[in-house]
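Here are the chains, one letter per residue:
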Amino acid sequence: MTRTDANQIDLGEYDHWGGTLQDDFSRNLLENLTSLLAGERVSLFPWPGMGGLDYRVGVDVIRFDGNRGRDVVLIAGWTIRSGAESKIVRVGSSRILEPTGGESYEAMVGG
């Protein structure tokens, strides 16, 4: 699916994602957090056998789409909670725009 204008989305009938968006998104988030928090243990929910948690991060994806030949847009809200008390430590949102690098679906996904 690609956004063709502010109020229209186009279905690429013969262009399909090779995995599940939720699993792939979660895996990439895990890899990025692991890299940014070098030396810290990072795990995806559910986290069996992990013992006590220092922090939990919840992410709510509000928008994740793009226009071929222009930008891919990710808008997400996030909450960081302390592990034991589940007290909110920080709440924020992120807006990330990345150029697609080309008109094809491959350029849009591979960017």
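Throughout what follows, the structure given in this document is the object of discussion. Here the residue index of a chain counts from 1 through its sequence in written order. Local features in a predicted model are, by the rule used here, given only for residues with pLDDT of at least 70; side-chain atom pairs are given and counted only at 80 or more, and totals for whole chains, interfaces and linings are based on all residues. The side-chain quantities take in all heavy atoms of the structure and omit both hydrogens and water.

Thoughts on the pairing of strand β3 (residues 55-66)
Two faces, one strand: in a regular strand the side chains alternate between the faces of the sheet.
Thought 1: Looking at chain direction, β3 and strand β4 (residues 71-82) are connected through eleven bridges and run antiparallel. The residue of β4 that forms the bridge with Val59 is Trp78.
Thought 2: Pairing between two strands requires that DSSP report at least two bridges joining them. For the purposes of this entry, the term helix denotes a DSSP run of H or I that reaches at least four residues, the term strand denotes a run of E that reaches at least two, and both are numbered from the N terminus. Hairpin connection, β3 to β4: the antiparallel pair is bridged by four residues, and Gly69 has positive phi, about 85°.

Topic: the pairing of β4
Thought 1: Strand direction decides the pairing type here: β4 and strand β5 (residues 88-99), joined by eleven bridges, are antiparallel. Its bridge partner lying in β5, Trp78 is registered against Gly92.
Thought 2: Linking β4 to β5, which pair antiparallel, is a turn of five residues; within it Ser86 sits at a positive phi near 60°.

Considerations on the environment of Trp78
Thought 1: With respect to the helices, strands and loops of the structure, Trp78 is situated in strand β4.
Thought 2: Residues Trp78 and Val57, spaced 21 residues apart in sequence, show a C-alpha to C-alpha distance of 6.9 Å.
Thought 3: Aside from chain neighbours lying at most four places away, what touches Trp78 is Gly58, Val59, Arg90, Val91, Gly92, Ser93 and Ser94.
Thought 4: Distance and chemistry together define a polar contact, namely a pair of N or O atoms within 3.5 Å, with one atom able to donate a hydrogen and the other to accept it when in protein, and with adjacent residues in sequence counting only for side-chain atoms on both sides. Among the polar contacts made by the side chain of Trp78, one reaches the side chain of Ser94 at a distance of 3.1 Å. The contact criterion used is simple: two residues touch if any of their non-hydrogen atoms lie within 4.5 Å.

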